[in-house]
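Per-entry structural report
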There are 2 protein chains.
Amino acid sequence: MTLSMYQASVPRLVAILENLSAILDKAQAHIDARKVDVAVLMGARLALDMYPFSKQVQIACDKARSVVARLAGMEVPRYGDYERTLADLQARIARTVAFVRSVPPERIDGTEDKEVVLPVAGHETRYTGLQLLLGHSMPNVYFHVTTAYNILRHNGVAIGKRDFLGQP
Amino acid sequence: MTLSMYQASVPRLVAILENLSAILDKAQAHIDARKVDVAVLMGARLALDMYPFSKQVQIACDKARSVVARLAGMEVPRYGDYERTLADLQARIARTVAFVRSVPPERIDGTEDKEVVLPVAGHETRYTGLQLLLGHSMPNVYFHVTTAYNILRHNGVAIGKRDFLGQP
């Protein structure tokens, strides 16, 4: 028995993004019922100097597809940040999930010690594949999905931790 | 090259809990400078029906030690929820880190397919070790640490995502 880099990445990223998608459905129902302008939700923040809701979802997608592409030695697909509605964000999540799922296990497995160099806060930072996945990218994705969730909870959307966790 | 259950658990749990501890130091400096009653921070919430700051930190610790104990086939150490100050929470984090670190790799490695039965929302839920770790416990720990972080950010504590991520 061993755990593979693929098992620790692709199925987990797909799961949390699908949970985020289901949370966005509940957010849509919430604003529809209250006739809230979606722009208000897209721009909602927990602090003036934090990213708004829309950006939290965008970054969660970006971190998910970039780690998979980098481990697999592929070009990271570039997505512009054009989303203005929850439907737009749902499309970005769906596109991200499709990309992540498209990468075969053999491109990811065995990348534990692969060197990946990333610009972090303007400096080149060297990671092993394992450090990148478990010490940078997975925490980052969970961070942004949780922050998106917290913005919704702060604004009264009826969701709970089960929505975040989904099925194990 | 393979990834082990130990690598995917103990060092990652220790890292995020140590990052949380450093964040709590910044929160302490923030309330000291403003002469804020620590009870106000301990009870701060993002929504009326969400757990307060103190409980977010408590649960992060609980999820970390319980997954390690369960994978290792050990009794989960019980901690009462007595913390009233940030120093108390720091002690809980330190105790959790010490316990997590005390479990040797050979007790954790090879538990990918081990069956673990947990009560979730009143129902017995069966997990494999891998599902428990990657699909339940790690997301749970990141969820509660991020929520503690978001409560602090919402209240003006000067922290950033680098504090959450720490070193990879």
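Everything that follows concerns the structure shown earlier in this document.
Residues numbered from 1 in each chain as written. Chains lettered and ligands numbered in written order. Predicted model: local features only at pLDDT ≥ 70, side-chain atom pairs only at ≥ 80, totals over all residues. Heavy atoms only, no water.

**Concerning the overall build of chain A**
- Scanning chain A from N- to C-terminus turns up seven helices and two strands.
- With respect to the three principal axes, the spread of C-alpha positions in chain A is 50 × 35 × 20 Å.
- Considering chain A as a whole, with its 168 residues, one finds that 54% of them fall into the buried category.
- Nonlocal contacts in chain A, meaning residues at least 24 apart in sequence, comprise 70% of its contacts between residues at least 6 apart. (Helix = DSSP H or I, 4+ residues; strand = E, 2+ residues; numbered from the N terminus. Buried < 20%, exposed > 50% of the residue type's maximum accessible area, 1.4 Å probe, protein only. Contact = heavy atoms within 4.5 Å.)

**A look at the interface of chain A and chain B**
- The partner chain B presents 39 residues to the 39 residues of chain A that form the contact.
- The contact between chain A and chain B buries some 3,900 Å² in all, and 65% of this surface belongs to carbon and sulfur atoms.
- Across the chain A-chain B interface, the total number found is two salt bridges.
- Of the charged contacts, one joins D49(A) and R153(B) as a salt bridge, the two residues approaching to 3.0 Å between their closest N and O atoms.
- Counting every contact that joins chain A to chain B gives 12 residue pairs in polar contact (both at pLDDT 80 or more). (Buried area = accessible area lost by both parts, 1.4 Å probe. Salt bridge = Lys/Arg side-chain N within 4 Å of Asp/Glu carboxyl O. Polar contact = N/O pair within 3.5 Å; in protein donor to acceptor, adjacent residues only side chain to side chain.)

**Describing the packing of aromatic side chains**
- Per the stated rule, a full pass over the model turns up seven aromatic pairs over all chains.
- Aromatic pair Y142(A) and Y142(B): ring centres 5.8 Å apart, planes at 15°, arrangement stacked. Pair noted here: Y142(A) is in helix α6 (residues 129-154) and Y142(B) is in helix α6 (residues 129-154), and the two residues belong to different chains. Of the two residues, Y142(A) and Y142(B), both sit in the buried class.
- Between F143(A) and F164(B), the aromatic rings sit 4.8 Å apart at their centres with planes inclined by 50°, giving tilted as the arrangement. Residue F143(A) is located in helix α6, and its partner F164(B) is located in helix α7 (residues 161-165); the two belong to separate chains.
- Note on F143(A): relative accessible area 4%, which makes it buried.
- On the basis of relative accessible area, F164(B) is assigned to the buried category, the value being 1%.
- One aromatic cluster is present, built from ring pairs that chain together Y142(A), F143(A), Y149(A), F164(A), Y142(B), F143(B), Y149(B) and F164(B).
- The residue whose ring lies beneath K55(B) is Y51(B), and the NZ or CZ to ring-centre distance is 5.5 Å. (Phe/Tyr/Trp six-rings, centres within 6.5 Å; stacked < 30°, edge-to-face > 60°. Lys NZ or Arg CZ within 6 Å of the ring centre and 35° of its normal.)

**Overview of the side chain of E112(A)**
- Tracing the sequence through the fold places E112(A) in the loop between α5 (105-108) and β1 (115-120).
- The buried charged residue E112(A) lacks any salt bridge partner; its closest oppositely charged side chain belongs to K114(A), at an N-O distance of 11 Å. (Lys, Arg positive; Asp, Glu negative; His and termini not counted.)

**Quick notes on the pairing of β1(A)**
All names here are of chain A.
- Alternating positions in β1 separate cleanly, V116, L118 and V120 being buried on one face and E115, V117 and P119 remaining unburied on the opposite face.
- Sheet analysis places β1 next to strand β2 (residues 123-128), joined by six bridges and oriented antiparallel. Bridging from a neighbouring strand, P119 pairs with E124 of β2.
- Hairpin connection of β1 to β2: two residues between the antiparallel strands, including A121 at a positive phi of 50°. (Pairing = 2+ DSSP bridges.)

**Thoughts on the environment of G43(A)**
Residue and element names in this part refer to chain A.
- With respect to the helices and strands, the residue G43 is situated in the loop between α2 (38-42) and α3 (53-72).
- Residue G43 is classed as partly exposed on the basis of its relative accessible area of 36%.
- Along the primary structure G43 and D88 are separated by 45 residues, whereas in three dimensions their C-alpha atoms are 14 Å apart.

**Some thoughts on the environment of G129(B)**
All names here are of chain B.
- Looking at where G129 falls in the secondary structure, it is placed in helix α6.
- Considering only alpha carbons, one finds G129 and R34, 95 residues apart in sequence, at a separation of 45 Å.
- Non-local contacts of G129, meaning those with residues more than four positions away in its chain, are made with M5, L71, T111, E112, D113 and K114.

**Some thoughts on the packing of helix α1 (residues 10-34) of chain B against helix α3 (residues 53-72) of chain B**
All names here are of chain B.
- Contact pair α1 / α3: the axes reach a minimum separation of 10 Å and the direction vectors enclose 160°. By the criterion of interaxial angle, the relationship of α1 to α3 is roughly antiparallel. Crossing hand, α1 versus α3: left-handed. Contact with α1, carried on its side by V10, L13, L17, L20 and L24, involves F53, V57, A60, C61, A64, V67 and V68 of α3 and no other residues of that element.
- Here the contact of α1 with α3 is composed, by residue class, of 12 nonpolar, no polar and no charged. (Axes fitted to C-alpha atoms, helices over the stretch in contact; angles between N-to-C directions. Parallel < 35°, antiparallel > 145°, perpendicular 65-115°, else oblique. Left-handed = near helix turned anticlockwise from the far one by under 90°. Nonpolar A, V, L, I, M, F, W, Y, C, P; charged D, E, K, R; others polar.)

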